Amino acid sequence: KVKAAVFASGTGSNFDAIIGRSNLACEIVVLICDKPGAPVIEKAISSGIQTLVLNPKAFVSKQEYETKILHFLRKMDVEWIFLAGYMRLIGPTLLAAYEDRIINTHPSLLPAFPGKDAISQAIQAGVKVTGVTIHFVDEGMDTGPIIAQRALEVLEDDTEATLKVRIQDVEHELYPEVINRLVRG
Ligand code: GAR
């Protein structure tokens, strides 16, 4: 099987959805995490997946930070990178090494509501429809070419919390599906 890495910074519900997918077309061989103490780390460890936790602040530059990651990924024969709540821009070092091989999930219908708090942005804007976007990663924040989107109605009494549950349910289904399509070519 083709080998892949997940990059995550937080809870790891998407990480779980990817590794839990029964017919995943690739093997997730490593979790890269930039937040020491993030819950996703425990999830990877208990699933027996190698984990590289790095604090970017411990490096003199993003280039050094990403070079360290790149060495690790190469050593493990990683061919694809899936961002799953990785709250950091990917720099030129990784983008050049993994051209068209870095994918992200985002909890809105891009280009609407990019950035960190897409769900609360949608609630605040009062939109009636939002959703999930899976896209190729470029140097921008949630800006690369869109691969797939799924729309979802915002209900009258939705709060950020209730909307987040439904958005993430969609994400957990759509992201592994798209990963399979891409990896199988
Ligand atoms: C996910 O909903 C993901 O779409 C979002 O962070 C959440 C991480 O949750 N990503 C972004 O907002 C990227 N701009 P998780 O850690 O439970 O998978």
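Conventions we followed
- Residues numbered from 1 in each chain as written.
- Predicted model: local features only at pLDDT ≥ 70, side-chain atom pairs only at ≥ 80, totals over all residues.
- Heavy atoms only, no water.
- Pairing = 2+ DSSP bridges.
- Helix = DSSP H or I, 4+ residues; strand = E, 2+ residues; numbered from the N terminus.
- Axes fitted to C-alpha atoms, helices over the stretch in contact; angles between N-to-C directions.
- Phe/Tyr/Trp six-rings, centres within 6.5 Å; stacked < 30°, edge-to-face > 60°.
- Buried < 20%, exposed > 50% of the residue type's maximum accessible area, 1.4 Å probe, protein only.
- UniProt positions renumbered as here; feature names shortened; annotations may be inferred.
- Contact = heavy atoms within 4.5 Å.
- Salt bridge = Lys/Arg side-chain N within 4 Å of Asp/Glu carboxyl O.

S.K.: So what about the sheet that holds strand β3 (residues 50–53)? Which residues, and what values?
M.R.: Strand order in this open sheet of 7 strands is β3-β2-β1-β4-β5-β6-β7, and the pairing throughout is mixed. Whereas interior strands pair on both sides, the edge strands pair on one side only; in this sheet they are β3 and β7 (146–153). Strand-to-strand, the axes of this sheet are offset by a mean angle of 20°, without reference to chain direction. Sheet analysis places strand β5 (residues 102–106) next to strand β6 (residues 129–136), joined by 4 bridges and oriented antiparallel.

S.K.: Could you give me a rundown of the packing of aromatic side chains, with the residues and numbers involved?
M.R.: Each aromatic ring pair is specified by the distance between its two centres and by the angle formed by the two planes. Counted under the stated rule, the structure contains 4 aromatic pairs. Pairing Trp80 with Phe82 gives two aromatic rings, centres 6.3 Å apart and planes at 20°, and the pair type is stacked. Its relative accessible area of 7% is what places Trp80 among the buried residues. Seen from their ring centres, Phe82 and Tyr175 are 6.4 Å apart, and the 80° between their planes marks the pair as edge-to-face. With Phe82 in strand β4 (residues 78–83) and Tyr175 in helix α6 (residues 160–184), this residue pair connects regions lying 93 residues apart in the sequence. The pair formed by Phe82 and Tyr175 is uniform in burial state, with each residue classed as buried. Grouping aromatic residues by their ring pairs yields a cluster made of Trp80, Phe82 and Tyr175.

S.K.: Go over the UniProt feature "binding site: (6R)-10-formyltetrahydrofolate" (unreviewed entry) in the protein chain, please, and point to the residues and values.
M.R.: When the UniProt feature table is mapped onto this chain numbering, "binding site: (6R)-10-formyltetrahydrofolate" (unreviewed entry) sits at Lys62, Met87, Arg88, Leu89, Ile90 and Asn104. As for its placement among the helices and strands, Lys62 is situated in helix α3 (residues 62–75). For Lys62, a relative accessible area of 36% translates into the label partly exposed. Apart from residues no more than four positions distant in its own chain, Lys62 is found in contact with Arg88, Leu89, Ile90 and Gly91.

S.K.: Explain the pattern of salt bridges residue by residue, including any values.
M.R.: Within the structure shown, the criterion is met by 6 salt bridges. Measuring nitrogen to oxygen at the nearest pair gives 3.7 Å for the salt bridge that ties Asp16 to Lys43. Of this pair, Asp16 sits in helix α1 (residues 13–20) while Lys43 sits in helix α2 (residues 39–46), placing them 27 residues apart in sequence. On the basis of relative accessible area, Asp16 is assigned to the partly exposed category, the value being 33%. Judged by relative accessible area, which is 23%, Lys43 ranks as partly exposed. Note that Glu79 and Arg101 form a salt bridge whose closest N and O atoms lie 3.7 Å from each other. One end of the pair, Glu79, is in strand β4; the other, Arg101, is in the loop between α4 (92–97) and β5, with 22 residues separating them in the sequence. The exposure class assigned to Glu79 is partly exposed, which follows from its relative accessible area of 38%. We classify Arg101 as partly exposed; its relative accessible area is 30%.

S.K.: Lay out unusual backbone geometry with the relevant residues and their values.
M.R.: The linkage connecting Leu110 with the following residue, Pro111, adopts the cis geometry, with an omega of 10°. Mapped onto the fold, Pro111 is located in the loop between β5 and α5 (118–125). A positive phi angle is found at Asp77, which is not glycine, with a value near 60°. Looking at the element boundaries, Asp77 is found in the loop between α3 and β4. Located in the positive-phi region is Asp142, a residue other than glycine, with phi close to 60°. Here Asp142 lies in the loop between β6 and β7. Residue Asp142 is classed as buried on the basis of its relative accessible area of 16%.

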